[in-house]
Amino acid sequence: MSYNLLKGKRGIIFGALDENSIAWKTAERAHEEGAQIVLTNAPIAMRMGKINELAEKTGSEIIPADATSEEDLNNLIEKSMEILGGKLDFVLHSIGMSVNVRKGKHYTDQNYSFTEKGWDVSALSFHKVCQSLYKADAMNEWGSIVALTYMAAQRTFPDYNDMADNKAYLESIARSFGYFFGKDKKVRVNTISQSPTPTTAGKGVKGFDGFIAYADKMSPLGNATAAECADYTMTLFSDLTKKVTMQNLFHDGGFSNTGVSNEVIEKFEK
Ligand code: NAI
């Protein structure tokens, strides 16, 4: 169902790899809500993914950009404003990758060049995106920037590995940049902390099947899906949340405030 929440708004969506991606669902919803968008992803992901399909569906153009490259980001922002015909109203950062996880390196046995690469892609890239937007004065007043995160930033989930540290850093950037973006440009910056979701990045976490089933049983409303995350993001991109900024917003069916659920207790009763 569409509410025309983003009618006349323009934005950039990072990170749509395939139809499971949270960014894919968000691009579809933003289009339904009346927005004009530019899609972007790392050049390598474009070759592997299906972003062309999404571009066709949403009538949008694609501009490749490695989110760790300032040059790519500056080019993306400049071209997006040309294509969309003005400054931007929203940006979604939906990017994550740990080389240690990919290569099976345990948290206690990290290869630090892998750690640095994963941090650059998953965390520092959010600062780079914000800084490029800020310096180019590319955001309209009351615009909205959102990045996706996970609760391992606050609590330990052993197999989330160095992504936990990356997410803590990412959430801190939303607060720190949110201050300056708010003061200087009246732009809000938030993170959404999403339930485990079966995507390429999600399924890369060791033991994901058990992990997602456990989270579902621990959440009074059940896990939030990628489509539901896209719905929530629409509210943050819309004018209905103008004074929400510098927040980490849990979108997790209640998981983060649940100590234990009856379903989980039952598993331990003899
Ligand atoms: P996904 O695998 O569909 O998306 C990750 C995206 O990051 C891909 O499109 C990939 O190409 C992109 N990417 C990787 N390196 C890049 C680079 N150098 N430059 C630009 N883009 C790059 O997976 P998903 O789950 O949709 O991930 C989106 C976000 O949601 C990530 O930040 C992830 O950590 C977060 N998240 C995911 C959860 C899950 O369980 N799937 C739970 C909570 C948060």
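Residues numbered from 1 in each chain as written. Predicted model: local features only at pLDDT ≥ 70, side-chain atom pairs only at ≥ 80, totals over all residues. Heavy atoms only, no water.

Going by what an unreviewed UniProt entry lists, the protein is known as Enoyl-[acyl-carrier-protein] reductase [NADH] and is assigned to Zhouia amylolytica AD3. What UniProt states about the protein under its Pathway (unreviewed entry) heading is, verbatim, "Lipid metabolism; fatty acid biosynthesis." (UniProt positions renumbered as here; feature names shortened; annotations may be inferred.)

Caption draft 1: Geometry of the packing of aromatic side chains. In the structure shown here, the tally under the stated rule is 13 aromatic pairs. Ring geometry for Y134 and F181: centres 5.4 Å apart, planes at 80 degrees, overall edge-to-face. Of this pair, Y134 sits in helix α6 (residues 112–135) while F181 sits in helix α7 (residues 163–185); the two residues are 47 residues apart in sequence, bridging distant segments of the chain. For Y134, a relative accessible area of 24% gives the class partly exposed. (Phe/Tyr/Trp six-rings, centres within 6.5 Å; stacked < 30°, edge-to-face > 60°. Helix = DSSP H or I, 4+ residues; strand = E, 2+ residues; numbered from the N terminus. Buried < 20%, exposed > 50% of the residue type's maximum accessible area, 1.4 Å probe, protein only.)

Caption draft 2: Examining the packing of helix α1 (residues 22–32) against helix α10 (residues 226–237) more closely. Closest axis-to-axis distance for the α1/α10 pair is 8 Å, and the angle between their directions is 50 degrees. The pairing of α1 with α10 is recorded here as oblique in orientation. You can see that α1 and α10 cross each other, and the crossing is right-handed. The residues of α10 that touch α1, namely those facing I22, K25, T26, R29 and A30, are A226, A227, C229, A230, D231, T233, M234 and F237. Residues belonging to the contact of α1 with α10 are distributed by class as follows: eight nonpolar, two polar and three charged. (Axes fitted to C-alpha atoms, helices over the stretch in contact; angles between N-to-C directions. Parallel < 35°, antiparallel > 145°, perpendicular 65-115°, else oblique. Left-handed = near helix turned anticlockwise from the far one by under 90°. Contact = heavy atoms within 4.5 Å. Nonpolar A, V, L, I, M, F, W, Y, C, P; charged D, E, K, R; others polar.)

Caption draft 3: Highlighting the UniProt feature "binding site: NAD(+)" (unreviewed entry) in the protein. In the UniProt entry, the feature "binding site: NAD(+)" (unreviewed entry) is given for G15, S21, I22, I95 and K167. Here I22 lies in helix α1. Setting aside its immediate chain neighbours within four residues, I22 contacts S94, L148, Q194, T197, T199, A226 and C229. The residue K167 is located in helix α7 in this model. With relative accessibility at 5%, the residue K167 sits in the buried group. Each residue touching K167, except ones within four places of it in the same chain, is listed here: I95, L148, T149, Y150, A153 and Y160.

Caption draft 4: The arrangement of the environment of S261 in detail. Examined against the element boundaries, S261 turns out to sit in the loop between β7 (248–251) and α11 (262–268). Residue S261 is classed as buried on the basis of its relative accessible area of 10%. Spatially, the C-alpha atom of S261 lies 7.1 Å from that of K217, the residues being 44 residues apart in sequence. Beyond its immediate sequence surroundings of up to four residues, S261 is in contact with K217 and M218. A distance of 2.8 Å separates a polar atom in the side chain of S261 from the backbone oxygen of K217. (Polar contact = N/O pair within 3.5 Å; in protein donor to acceptor, adjacent residues only side chain to side chain.)

Caption draft 5: Inspection of the site of the ligand at higher detail. Surrounding the ligand, one finds 26 residues, the nearest of these being S21, N41, K167, T197 and T199. K167 has a polar side-chain atom sitting 2.8 Å from an oxygen atom of the ligand. T199 places a polar side-chain atom, nitrogen or oxygen, 2.5 Å from an oxygen atom of the ligand. Here the ligand has 820 Å² of accessible area as a free molecule, and 93% of this is covered by the chains. The leading source of residues in the shell around the ligand is helix α8 (residues 200–203), at three residues. (Near = heavy atom within 4 Å. Areas by Shrake-Rupley, 256 points an atom, 1.4 Å probe, with all protein chains shown as cover.)

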